[in-house]
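Given next are the chains, with one letter for each unit.
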Amino acid sequence: MDITETTTRARQRSKTSIRFNQKSLDALAVPRRRTYYYDDYEKHLGLTHLPPTKNYPEGKKTFFARMTVNGKTKRITLENGVYPGMIITTAREKAAAAVTDVTKGINPIQQKRADKAAQVVAGLTVEQAVKLFGEKKVRRLSSGEKLPLKASTIKSYKHSINGLLGKQLYTAPMVNLTEDIITRRINASEKLGKTYTATGCRSLSSVWNWLAKQKDYRDQLPANPIKQYALYNEGLHVAAPKQTRIELIELSEWFDAVERLPTEYADFFLWLMFTGTRFNEA
């Protein structure tokens, strides 16, 4: 049987081909290091034998399927494949089935990751997603420096998204949010304020888009329902621009009025004028 491995590290490890049965596996010597055994009956079935631990004084024995994926030899651990919990005949069947999947173009490694990600996504609530966004999302400065989001920004996201969805949906799984649900929430929320509703939509869409790019959630989230709504409803509401600017012709009167204010107030408004600092930051 060809048991050649594709990596140098793997070639240095002990590799033995034996007929897998209860007697032979029970009689395996306790290893000092990780050891691999291969079944001479089902060539794609192997067994990893680890050094002893408190829970496994004879060393943990786990079945794996050995196969070639994208030109590289891989050992894919069988789910619930610890011996003797999994019997040898079952291990042979699972190893053969895994190889059959590969011949059909199914990558077992990617499938396993996808299944795990799907389980994670299925239980992820909107509240948890917003929390994760607040903890992991960074803002980039013009200098290239990356900084965490401001506490006020995170608070604003939580408040606007919670306001849009309501407590029941905010604490429900994200995957439950569909275009129909979002449409109903927008219609109800816009009665209280279109601008506030649009802010909640944009905040939720930002969280959704960011999460969809993360490794653990990539290709697992359904389509962004905010994008779907905006696509078929001529976009989100855009508030009219504010008309509170100071025109050039009014500047001299403005400076005269500021100079008549108490010093601390005058300094405050002059600081805003000359630095462009936001009101709440100043």
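Conventions and cut-offs
- Residues numbered from 1 in each chain as written.
- Predicted model: local features only at pLDDT ≥ 70, side-chain atom pairs only at ≥ 80, totals over all residues.
- Heavy atoms only, no water.
- Helix = DSSP H or I, 4+ residues; strand = E, 2+ residues; numbered from the N terminus.
- Expected span 1.5 Å × (residues − 1).
- Core = buried A, V, L, I, M, F, W, Y, C linked by side-chain atoms within 4.5 Å.
- Buried < 20%, exposed > 50% of the residue type's maximum accessible area, 1.4 Å probe, protein only.
- Contact = heavy atoms within 4.5 Å.

Right, let's get into helix α12 (residues 263-275). Over its 13 residues, α12 runs 18 Å from end to end, which matches the ideal 18 Å to within 8%, given 1.5 Å per residue. One or two residues past the end of α12 sits Gly276, with phi positive at roughly 75°.

Generally speaking, soluble globular proteins have nonpolar side chains that are buried together. With 30 residues, the main nonpolar core has Val126, Ile161, Leu165, Leu177, Leu204 and Leu211 as its most contacted residues. Mapped onto this core, the elements with two or more residues apiece are α5 (126-136), α6 (151-165), α7 (167-170), α8 (179-189), α9 (194-213) and α10 (225-232). With six residues, the top contributor of residues to this core is α9. Excluding its chain neighbours within four sequence positions, the residues that come into contact with Leu177 are Val126, Leu165, Leu169, Leu204, Trp208 and Pro225. Listed in part, the 20 residues of the second largest apolar core include Leu25, Met67, Tyr83 and Met86.

Okay, the side chain of Thr48 next. By the element assignment, Thr48 lies in strand β3 (residues 45-49). Relative accessible area serves as the criterion here: at 12%, Thr48 is assigned to the buried category. When sequence neighbours within four positions are dropped, the list of residues in contact with Thr48 reads Arg34, Thr35, Tyr36, Lys60, Lys61, Thr62 and Phe64.

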